[in-house]
Amino acid sequence: MMKDVGFIGWRGIVGSVLLKRMVKKKDFNSINVIFFTTSQCGKIIPFSIKNKCKILQDAYNIEILSSLDIIISCQGSEYTEKMYSKLRSIGWNGYWIDASSYLRSFKKSVIVLDPINLNFIKKKIDMGIKTFVGGNCTVSLMLMALGGLFKNNLIEWLFVSTYQAASGAGSSFMKELLLQMKFISKKLNFKNHSLSILDIEKNISKNIKNSDFPKKYFSVPLAGSLIPWIDKKVCNGQTKEEWKGQFETNKILNTKKIIPIDGVCVRIGTLRSHSQSFTIKLKQNLSLNNIKNIIQSNNKWVKVISNNMDDTINNLTPVAVNGKLDIPIGRIKKLNIDKNCFSAFSVGDQLLWGAAEPLRRMLKLLINY
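Reading guide: rules and limits
Residues numbered from 1 in each chain as written. Predicted model: local features only at pLDDT ≥ 70, side-chain atom pairs only at ≥ 80, totals over all residues. Heavy atoms only, no water. Pairing = 2+ DSSP bridges. Helix = DSSP H or I, 4+ residues; strand = E, 2+ residues; numbered from the N terminus. Axes fitted to C-alpha atoms, helices over the stretch in contact; angles between N-to-C directions. Contact = heavy atoms within 4.5 Å.

(A) Structural detail: the sheet that holds strand S11 (residues 302-304). Spatial strand order, S9-S8-S10-S13-S12-S11: six strands in an open sheet with mixed pairing. Of all strands in the sheet, those bounded by a partner on one side alone are strand S9 (261-267) and S11. If you compare each strand with its neighbour and ignore which way they point, the axes differ by 20° on average. Strand direction decides the pairing type here: strand S12 (residues 327-334) and strand S13 (residues 341-348), joined by four bridges, are antiparallel. When the sheet's bridge partners are listed, Lys334 is paired in S13 with Phe342. The strands that helix H8 (residues 240-253) touches are strand S8 (155-164) and S9; relative to S9, the one it contacts most, it runs at about 140°.

Structure below.
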């Protein structure tokens, strides 16, 4: 018997990527899906999918929501905070799958990334856990890249510098980055050959600081710049985005002893896909070939890139991975700092393994379990 599944937040940036992936993988063929909306209740769903209900339902209708076997939400933390507790308080015992961060720290929730913690997920399902959450984008991408080292308990500590695309903040931020680029392009004056590049740069820098420069969402320029701060401040000088690295990694891995992880998270002027630079202290001195083999053998998506210029600039960039499930990792080299230390650089599509794909695979697991 097909399970009844509610899909909320399918129009947003993560939800739309998830929807396309589910269509491509024919996931809708094995469920009876009901689409919900917070603003277009009663309208016909604007795409063709085989399901019983063709009308968009009210995302705040407790009666309909409580009749479902599974709810998958990409609507955001505000919606989850409001509706999740209401449903649980009336005794709804279905599965809740969520893209937002709100439930990640809950004791009875599991952060899902099945290529890394499938056995742990299954154990929790058998124990009766019903709440499953996608992880922070950079954490999930890091674990996909370095999963083999974590699996073999080889990491003593890890420092990561992230270079995160506008897509991590949402569609409004992506659009604003484009508006900033457009604003800058209008100020270019290459026709005046008497102007030096320094004159052009001076003019652009001056205009970027103007009050009419588009910065409603970022609050400061991102195009032609970067923002070394993501999310709110927490303890010890960290931002919440940086705090998530240690907390979520250890929760996903279900570690008995905390693996120390810290870093600096930076927003850069790319539209999609996050990059990360790792400094890793291993518990033992391994050869580079050994490290590469351990990394490469962990899952079918991670791709070790040779540490040379051509392979790096062609395969280890956001442009190279946009829209792909591949997780390339390169620039792998031993450090002068310590014989057990090495560095690496990885890139991954923030909207796929960083957001939508773990949710899709969790839904599929529950359907077939």
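(B) Layout of the pairing of S12. One ladder, built from three bridges, connects S11 with S12; its direction is parallel. Across the sheet, residue Val302 finds its bridge partner in S12, namely Ile327. Linkage of S12 to S13, two consecutive antiparallel strands, is achieved through a turn of six residues.

(C) Focus on the sheet that holds strand S2 (residues 31-37). Spatially, seven strands are ordered S3-S2-S1-S4-S5-S7-S6 in an open sheet, and the strand pairing comes out parallel. Across the chains shown, the open sheet's two edge strands, defined by having one partner strand only, are strand S3 (57-58) and strand S6 (110-112). Both strand S1 (residues 3-8) and S2 contribute to a ladder of five bridges, which runs parallel. From the neighbouring strand, Val5 faces S2, where its bridge partner is Val33.

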